[in-house]
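Structural overview for review
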Amino acid sequence: MHLRRREKLVGTIVVTGGETEVCVLATALGAIDWAFRVVLVTDAFCSSADETHDAMMAVYLNRFGEQVE
C-alpha cells in the first residue's frame, strides 16, 4: 500500500539486522527520508567487518544523532 507521509499508519521504525553498513544503513536512511521516528537497536546489529561496523556506529551516533535514537 502506498501511503503519503501525512497518511502514515506507523510513526516509528525499529531497526535491527545484519550488515550495519549496508542493510541497516539503507533502512535507516529510507526511514529518515520518509520522516519516521527511527530507533536503532544497536545491540542487535552485526557486520562481517568490525572496522566498518565501528565506523558506522560512530556515524549513526554523531551524524544522525538528531534523526535516530
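This section reports on the structure supplied with the text. Predicted model only: the values in this text are computed from it and were never measured.

This brings us to unusual backbone geometry. The backbone of Glu-19 shows a phi angle near 60°, a positive value even though the residue is not glycine. By the element assignment, Glu-19 lies in the loop between β1 (12-18) and α1 (23-33). With a relative accessible area of 26%, Glu-19 lands in the partly exposed category.

Assignment of secondary structure puts Gly-17 in strand β1. Exposure remark for Gly-17: the relative accessible area of 23% places this residue in the partly exposed category. Discounting chain neighbours no more than four positions away, the residues touching Gly-17 are Val-24, Ala-44, Phe-45 and Cys-46.

On to the environment of His-53. You can see His-53 is positioned in helix α2 (residues 50-62). With relative accessibility at 17%, the residue His-53 sits in the buried group. Beyond its immediate stretch of four places on either side in the chain, His-53 contacts Thr-20, Glu-21, Phe-45, Cys-46 and Ser-47.

Across all of its chains, the model carries 1 salt bridge by this definition. When the shortest N-O distance is used, the salt bridge between Arg-37 and Glu-69 registers 2.7 Å. Residue Arg-37 is found in strand β2 (residues 37-46), and its partner Glu-69 is found in the segment after α2; the two are separated by 32 residues along the sequence.

Cut-offs applied
Residues numbered from 1 in each chain as written. Predicted model: local features only at pLDDT ≥ 70, side-chain atom pairs only at ≥ 80, totals over all residues. Heavy atoms only, no water. Helix = DSSP H or I, 4+ residues; strand = E, 2+ residues; numbered from the N terminus. Buried < 20%, exposed > 50% of the residue type's maximum accessible area, 1.4 Å probe, protein only. Contact = heavy atoms within 4.5 Å. Salt bridge = Lys/Arg side-chain N within 4 Å of Asp/Glu carboxyl O.

In short, shape yes, function no, at least from these values alone.
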